[in-house]
Amino acid sequence: MADALVLGIETSCDETGVALVRVGDEGSELLTDVVASSMDEHARFGGIIPEIASRAHLEAMVPTLGTALERADVDLGQVDAIAVTAGPGLVGPLTVGAAAAKALAVGLGVPLYGVNHVIGHAAVDELVHGRFPDRVMALVVSGGHSSLLLVDDVATDVTELGHTLDDAAGEAFDKVGRLLGLPYPGGPHIDRLAREGDPTAIRFPRGLTAAKDQARHADDFSFSGLKTAVARWVEARQDAGEEIPLNDVAASFAAAVADVLTAKTIAACHRHGVDTLVIGGGFSANSQLRELAAERCAEAGITLRIPPIRYCTDNGAMIAALGAAVLRAGVAPSSLDLPVDSSMPLTQVTV
Ligand code: KG4
Ligand code: ZN
């Protein structure tokens, strides 16, 4: 399957992503990656409105596909396979992408692969840093997910070690952002404020790190207690009529999230004898996480792979990359009536 051309389509949330990837034995090559976002239409609601996102995907799909083909100088007829996000994600948005992918697969007479969005967040790193070694740990952190995956083969063998029991990392940032009066999504704003603050100013709790949690939740995360602790701290100062030191609150909160994510992930690497860690998902843009992960991986002798930020947020390249890996592994195509699955299990790479 080397040299096959894979078209990837992503529509699980608010980004319409279309990308083209050339499958290679050593690693696959990204030809183009085009993203249209409807985030501006959701910002005033303080969250993604699925109906608005679905409509935006419908309007953006054909133009985004056209731009991708034009930029890569490729004709639709040259496409050898279609990969599309089958889940997890929002049902309406997923359905628009799946419908487009099915129509293209039927029209072109090429195989269709419904693939897992969260695993795609890890797979995209293969386009940047080459094929994964036999066993890697993947930490996928976004507005919707915080999951720890043991990846023996990104196309066929993924084990979910743990996940968040409540808020995702990005979600916790967005909620604390709202609490601090920052615009939605608050994540990048907290990151910016935190860079000016003292991360040791306030000692916020580290969820599920106590000795008693290690038996059942060693690889799970929890951020809602932390979020509540920040809210209590801020309220107490407000009630006392004191000014809120935004930079220090942001820095201390961000430090707690980065500490828990990196400590638990590195412990899991040791436990499973894995020496390569891949971090992906929109929240991996977070500078506090990036810095601490780099520092702790270096200390632990773990090779850290994080794709550039534009491949961490939702995009078509991650889906085309996973499609390429699946094609290379000789996995059977999905059925043309593949269902989308809003809560697709993270152990399921393809449908
Ligand atoms: O993967 P993504 O683009 O969309 C989802 O699938 O959720 O992730 C977006 C999430 C949002 O919660 C956003 O606030 C957060 O990632 N985020 C950040 C940063 N950049 C994006 N959080 C903290 N620091 C950042 N620099
Ligand atoms: Zn995502």
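Note: the structure precedes this text.
The following paragraphs examine the structure supplied in this document. (Residues numbered from 1 in each chain as written. Chains lettered and ligands numbered in written order. Predicted model: local features only at pLDDT ≥ 70, side-chain atom pairs only at ≥ 80, totals over all residues. Heavy atoms only, no water.)

### Comments concerning helix 6 (residues 169-179)
Our working definition: The buried label goes to any residue with under 20% of its type's maximum accessible area, the exposed label to any with over 50%, and the partly exposed label to all in between, with areas taken from a 1.4 Å probe on protein chains only. Strands are runs of DSSP state E lasting at least 2 residues, helices are runs of H or I lasting at least 4, and numbering of each runs from the N terminus. Residues are treated as being in contact if the distance between any of their heavy atoms lies within 4.5 Å.
For helix 6, the complete set of buried residues consists of Ala169, Gly170, Ala172, Phe173, Asp174, Val176 and Gly177. Close packing links the buried residues of helix 6 with strand 6 (136-141), strand 7 (146-153), helix 7 (187-194), helix 9 (224-239) and helix 10 (246-272). Gly181 occupies a position one or two residues after helix 6 and carries a positive phi of about 80°.

### Section: the sheet that holds strand 9 (residues 276-280)
To be explicit about the condition: What makes two strands pair is DSSP finding at least two bridges between them. Think of each axis as a best-fit line through the C-alpha atoms, taken over the contacting stretch in the case of a helix, with angles from 0 to 180 degrees between the N-to-C directions.
Reading across from one edge, 8-7-6-9-10 is the order of the 5 strands in this open sheet, with mixed pairing throughout. Looking along the sheet, the strands with just one partner apiece sit at the ends: strand 8 (157-163) and strand 10 (303-305). Looking at each pair of strands side by side, their axes are set apart by 25° on average, direction ignored. Two elements, strand 9 and strand 10, share 3 bridges in a ladder whose sense is parallel. Looking across to strand 10, one finds that Val278 is bridged to Arg305.

### Considering the coordination of the zinc ion (ligand 2)
What counts here: Excluding water, the donors of a metal are its N, O and S neighbours within 2.8 Å, or within 3.2 Å for Na, K and Ca, and that exclusion means sites may look incomplete. Here a site with four donors is tetrahedral if all angles are between 85 and 135 degrees, and a site with four or six donors is square planar or octahedral if opposite donors are over 155 degrees apart and the other angles are between 65 and 115; anything else gets the irregular label.
Each protein donor to the zinc ion (ligand 2) is listed here as His117 (NE2), His121 (NE2) and Asp314 (OD); together their distances run 2.1 to 2.2 Å. For the zinc ion (ligand 2), the 4 donor atoms are set out with angles of 92 to 145° between them, so the coordination reads as irregular. Ordering the donors of the zinc ion (ligand 2) by residue number gives the pattern H-x3-H-x192-D. With His117 in helix 4 (residues 117-123) and Asp314 in the loop between helix 12 (309-312) and helix 13 (316-328), the pair connects residues that are 197 residues apart, well separated along the chain.

### A short note on the sheet that holds strand 5 (residues 112-116)
Strands belonging to one sheet form pairs held by backbone hydrogen bonds; the direction of such a pair is parallel or antiparallel. Across the sheet, which stays open at both edges, the 5 strands sit in the order 3-2-1-4-5 with mixed pairing between neighbours. Two strands close off the open sheet at either side, each with one partner strand: strand 3 (29-37) and strand 5. On average, each strand axis in the sheet is inclined to that of its neighbour by 20°, with strand direction left out of account. Pairing between strand 1 (residues 5-10) and strand 4 (residues 81-87): 4 bridges, direction parallel. Bridging from a neighbouring strand, Gly8 pairs with Ala83 of strand 4. The strands touched by helix 2 (residues 50-72) are strand 1, strand 2 (15-22) and strand 3; relative to strand 2, the strand with the most contacts, the crossing angle is about 25°. The sheet strands contacting helix 13 are strand 1, strand 2, strand 3, strand 4 and strand 5, and the helix crosses strand 1 at an angle near 135°.

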